[in-house]
Amino acid sequence: MIAAVEKGEIGRRFDTVLIANRGEIALRVQRACRELGLRTVMVCSDADRDAPYRATADAFVCIGPAAPGQSYLNQAAVLLAARSAGAGAIHPGYGFLSENAGFAEAAEAAGLVFVGPPASAIRTMGDKIAAKRAMIETGVPCVPGPDEALPDDIASITAIADGIGYPVIIKAAGGGGGRGMRVVHDASALKDAVSVTREEARRAFGTPELYMEKFLQHPRHVEIQVLCDDHGNAVWLGHRDCSMQRRHQKVVEEAPAPGIPAEIAAAVGKRCADACQQIGYRGVGTFEFLFENGEFYFIEMNTRLQVEHPVTEMTSGIDIVCEQLRVAQGLPLTLAQADVRAHGHAFECRINAEDPFTFAASPGRITAAEFPSGPGIRVDTHVTTGYKVSPHYDSLIAKLIVHAPTRDQAIRRMRLALADTRIEGISTNLALHRALFEDPAFCAGETDIHHLEKWLDERK
Ligand code: ADP
């Protein structure tokens, strides 16, 4: 008993979780809570009053108007809802408040368990220079370049660029969402690139701090999923390839990342798990890397559940959200590294309410929604026929996930799943996915992060 108190287990126990999110992830987290016998409190904005997951929640609290700043991002409103509904914990999902260290602290100060890592870890990883420094210290391979902010004088900046070798990329320490970055191909463009990016960073992220690293020209985006508890256990659950991106937004993800030698993956996976132990990480997290010429280069860590977590759930057989909730309760992981196995291959298609080729958002009422089913098919969605897609939020309306013994079989299964999906009344990017799963280069695997945009350009 005393040992349990010392480990913080008892203080972290809870039986009711407030889910501070909306859409498919709110439903995904709700399902995990119900499976674990936890009560759920869902919050909603005025625009989400009719959310289908309302019926299966134990409590449903409206916290404000449709604009996210006044509802899902309104910390005081979320905390008040948690207290008034008797919640013991807050699950932030992804986006919104999920990587806000101040909110994690405010929740804990209000006596609530924040289902995520300690605020200090969120803060370190939110500052890309601090994150890079932490990774270098723990032996995680990084993109070549100093783990320090750029100085002001152009002579020193030029010397750093010469040391790295062109092309280089200037990045904002506080950047996110693919913004605050600029590629520089030669010395003549350096001065302007630094001053424009610095100004952008000052305005967009509230800090003018910049850093510089080597610009890799044809990398893939490969990431490692980790899971850690409060008892010093950390495991990595395999890797995912998320190279199919448009404007740095992921469109299709797969697990495992094809063509990566097992020894190379195991070495970097172990480094990630060790780094988590060294920095006192807790919960789920993702180490994002660029992968080029057989080498991994860390770019950032996401300190939350990710949209693409289901592909790893399919290949590992591990329910990542249930494990995340158990860890938040102070319980030890139910598995050790030796228990983690990867079976077969999984893909996820993000189905967005948008034009498939112009990408213009397409909110409105869904007049018919039919999703596929059958062996190896999973659909994570909150939408049904009659659902109204709001213009206020992310356009993701469903995730179509397939799992099969091999990558080729998974591709065939995804083609059939896409053919059996019907969404009417609004535009969706289903046609893009159907075309992509016929693209010989994508189907062959190992395409780089520029492939999707090049492929789109060629179709114009
Ligand atoms: P954000 O937090 O804004 O998503 P990241 O650091 O994760 O920023 O980088 C986003 C994307 O920018 C990467 O997925 C990659 O496409 C590109 N990128 C970032 N750093 C580099 C680099 N050193 N070389 C090449 N591309 C890069």
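Since the model is a prediction, treat every value here as computed from it, not as a measurement. (Residues numbered from 1 in each chain as written. Predicted model: local features only at pLDDT ≥ 70, side-chain atom pairs only at ≥ 80, totals over all residues. Heavy atoms only, no water.)

(A) Broad picture of the environment of E438. Relative to the helices and strands, E438 resides in the loop between helix 14 (430-436) and helix 15 (440-444). As for E438 and R415, which are separated by 23 residues in sequence, their C-alpha atoms are 8.2 Å apart. Apart from residues lying up to four places away in sequence, E438 is in contact with R415 and C443. Reaching out from E438, the side chain makes a polar contact with the side chain of R415 at a distance of 3.3 Å. (Helix = DSSP H or I, 4+ residues; strand = E, 2+ residues; numbered from the N terminus. Contact = heavy atoms within 4.5 Å. Polar contact = N/O pair within 3.5 Å; in protein donor to acceptor, adjacent residues only side chain to side chain.)

(B) Main features of the UniProt feature "domain: ATP-grasp" (unreviewed entry) in the protein chain. Mapped onto this numbering, the UniProt entry gives "domain: ATP-grasp" (unreviewed entry) at residues 132-329. In this annotation, residues 132-329 is assigned 35% helix and 31% strand; the end-to-end C-alpha distance for the span is 30 Å. (UniProt positions renumbered as here; feature names shortened; annotations may be inferred.)

(C) Fine view of helix 9 (residues 190-205). Taking 1.5 Å per residue as the helical rise, helix 9 with its 16 residues ought to reach 22 Å, and the 21 Å between its terminal C-alpha atoms agrees with that figure. Contacts made by the buried residues of helix 9 are with helix 8 (154-164), strand 6 (168-172), strand 7 (181-184) and strand 8 (210-214). Positive phi shows up at G206, right after helix 9, with a value of about 75°. (Expected span 1.5 Å × (residues − 1).)

(D) Summary view of the environment of T286. Take T286: it is sitting in strand 12 (residues 283-292). Residue T286 is classed as buried on the basis of its relative accessible area of 0%. C-alpha separation for the pair T286 and C142, spaced 144 residues apart in sequence, amounts to 15 Å. When residues no more than four places from it in sequence are discounted, the contact partners of T286 are E223, I224, Q225, R240, E300, M301, N302 and Q306. Engagement of the side chain of T286 in a polar contact is seen with the side chain of Q306, the distance being 2.6 Å. (Buried < 20%, exposed > 50% of the residue type's maximum accessible area, 1.4 Å probe, protein only.)

(E) Inspection of the UniProt feature "domain: Biotin carboxylation" (unreviewed entry) in the protein chain at higher detail. As annotated in UniProt, the feature "domain: Biotin carboxylation" (unreviewed entry) corresponds to residues 13-457 in the numbering used here. Taken end to end, residues 13-457 is 33% helix and 26% strand, and its two terminal C-alpha atoms sit 52 Å from one another.

(F) Structural context of the layout of surface pockets. In this structure, the second largest pocket encloses a volume near 260 Å³. What lines the second largest pocket is a set of 19 residues, and nearest its centre among them are W236, G238, H239, P256 and A342. For the lining of the second largest pocket, the secondary-structure elements that each account for two or more residues are strand 10 (234-246), helix 10 (262-279) and helix 11 (309-316). The element best represented in the lining of the second largest pocket is strand 10, accounting for 4 residues. Grouping the constituent residues of the lining of the second largest pocket by class yields 11 nonpolar, 7 polar and 1 charged. (1 Å grid on protein atoms, 1.4 Å probe; cavity = no way out; pocket = protein on both sides within 12 Å on 5 of 7 lines; lining within 4 Å. Points joined across faces, edges and corners; volume = space filled by probe spheres on them. Nonpolar A, V, L, I, M, F, W, Y, C, P; charged D, E, K, R; others polar.)

(G) Quick look at the nonpolar core. L18, V78, I90 and L237 are the most contacted members of the largest nonpolar core, which totals 61 residues. Residues within four places of L237 in sequence aside, it is in contact with Q225, L227, T312, S316, I318, I320, L335 and V340. Counting 35 residues, the second-largest nonpolar core is a separate cluster that includes I366, Y387, A410 and L456. (Core = buried A, V, L, I, M, F, W, Y, C linked by side-chain atoms within 4.5 Å.)

(H) Inspection of the site of the ligand at higher detail. Every one of the 21 residues lining the ligand counts as a neighbour, but K128, K171, G178, K214 and E300 are closest to it. In the model, an oxygen atom of the ligand is placed 2.9 Å from a nitrogen or oxygen of the E300 side chain. In isolation the ligand offers 550 Å² of accessible surface; the protein chains occlude 93% of this area. Residues of the shell around the ligand, tallied by class, amount to 8 nonpolar, 6 polar and 7 charged. (Near = heavy atom within 4 Å. Areas by Shrake-Rupley, 256 points an atom, 1.4 Å probe, with all protein chains shown as cover.)

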